[in-house]
Protein chains: 2
Amino acid sequence: MLTLYHAPISPNSRRVWITLLEKGLEFELVEIKLDGEQFKPDFLGINPFHHIPVLTDDDFNIVESLAILDYLEAKYPTPTLLPKDAKELAMVRMVQLVTVNELLPSMNPLMLQMLDLPGGDPEKIEQAQQKVATVLRFFENLLDDRPYFGSETLSLAEVVAGTVVPWLPKGGVSLGDYPKLRAWCDRLMARPAWQATEATPEMIEGFKSIIAARMAQSNG
Amino acid sequence: MLTLYHAPISPNSRRVWITLLEKGLEFELVEIKLDGEQFKPDFLGINPFHHIPVLTDDDFNIVESLAILDYLEAKYPTPTLLPKDAKELAMVRMVQLVTVNELLPSMNPLMLQMLDLPGGDPEKIEQAQQKVATVLRFFENLLDDRPYFGSETLSLAEVVAGTVVPWLPKGGVSLGDYPKLRAWCDRLMARPAWQATEATPEMIEGFKSIIAARMAQSNG
């Protein structure tokens, strides 16, 4: 039995949720509330690093979202979500890792605008937009003339970058200069797995309360 | 022709260097001095995110060390450095990603001691040691009774964690409570690829100057 411990608003756990759906697997969802539930002994027992997502497959616990994706691909190879060719595989891996190591960290200053919350340092926002633009240029070049990164079919690149890039316009970053990337976003948003896992207004409100509480704490 | 752009002291580029050696590949090494050379137009042309390592294979540039490792494994599959079994593969991926996302960031406060430099906040050092201990317990459990993570033979787990864990005793973290991990370290240190890429005293001195300059700048 597959169980995904997740928080619905988190792009890190949405990657896994979408992969489970795209592979047509049966699974159970357990929500971990990020207002402290991740530090409770029950959850620390399955992930001592207190992060979501975690996937358990019977008594085997897998932490780290990118490790979970590779586990699912190895155990349930149909439909395949990783190319075999070395160059195409490298493109998928670059998109995954640049999303995690460059794009997501640079987006922090855009978070308030993304959530319609007031505040934010204009200088940091400007720097963040420049960093995000570097990633978007890199992705636009990498897309070449295929519908997906390094592939004619959906891959684990889409699962990772495709749960982040479509949020950028809400943070004030236009995709207008990146026509291939915009078409790629539209292609993903039309898929049932993306639609079924899209954050609802209630989830966004819940997340806003957590962010607002954290801001009050760091200012207090 | 394979060219590795690297900094010899960096565990991120040493991962790739060791993999090239373990696979017996021919390659050229180009050192990028991290005192600013990474921001020059020549290097930004091959990696707009200004990080080492980068591997170029003729006209194909690969950024992100974990992407490079998977490229090398796919293009040069002998000797294999990734298990095929889903559970064993997940163990390798967890070790790679926990090293990058948990172990390395938590080690920053231990860096000064590791380099025999004075200073460091005792409270932060204590917190860092606790976080490192959580990772070491996780790794010790994962090693079970095999010589390598999830495998009877060397894998990309060793290449990533094995260029970090052996440095911990220099940072004041004893491996005394982790007998399997200590034996695993000894096993790696005996390999020619580890010995050939070990930081020399000159490299460490060069790195200390960069850290000292950064500290002076942030205090100034």
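Here, the structure is the one placed above.
Below or above, wherever it landed, is the structure these notes cover. (Residues numbered from 1 in each chain as written. Chains lettered and ligands numbered in written order. Predicted model: local features only at pLDDT ≥ 70, side-chain atom pairs only at ≥ 80, totals over all residues. Heavy atoms only, no water.)

1. As for the sheet that holds strand β4 (residues 60-63) of chain A
All names here are of chain A.
1) Next: In space, the 4 strands of this open sheet follow the order β2-β1-β3-β4, with mixed pairing throughout. One side of each edge strand has no neighbouring strand; the edge strands of this open sheet are β2 (28-31) and β4. Neighbouring strand axes in the sheet, compared pairwise and without regard to direction, differ in orientation by 20° on average.
2) Next: Here strand β1 (residues 2-6) pairs with strand β3 (residues 54-57) via 4 bridges, running antiparallel. Looking across to β3, one finds that Leu 4 is bridged to Leu 55.
3) Next: Along the sheet, helix α1 (residues 11-22) makes contact with β1, β2 and β3, crossing β1 at roughly 150°. (Pairing = 2+ DSSP bridges. Helix = DSSP H or I, 4+ residues; strand = E, 2+ residues; numbered from the N terminus. Axes fitted to C-alpha atoms, helices over the stretch in contact; angles between N-to-C directions. Contact = heavy atoms within 4.5 Å.)

2. Digging into the environment of Glu28(B)
Residues and elements named next belong to chain B.
1) Next: Along the chain, Glu 28 turns up in strand β2 (residues 28-31).
2) Next: The class for Glu 28 is partly exposed, based on a relative accessible area of 40%.
3) Next: Taking the C-alpha atoms as reference points, Glu 28 and Phe 138, 110 residues apart in sequence, are found 36 Å from one another. (Buried < 20%, exposed > 50% of the residue type's maximum accessible area, 1.4 Å probe, protein only.)

3. Topic: the relation of the copies chain B and chain A
1) Next: Superposing chain B onto chain A takes a rotation of 180° combined with a translation of 0.0 Å along the rotation axis, leaving an RMSD of 0.0 Å. Such a turn and shift between the copies fits a two-fold axis. The C-alpha atom lying nearest the rotation axis in chain B is that of Asn101(B); the distance is 4.9 Å.
2) Next: Of the interface residues in chain B, 100% have counterparts in chain A that sit at the interface too, so the contact is made through matching surfaces. (Least-squares fit on C-alpha atoms with pLDDT ≥ 70 in both.)

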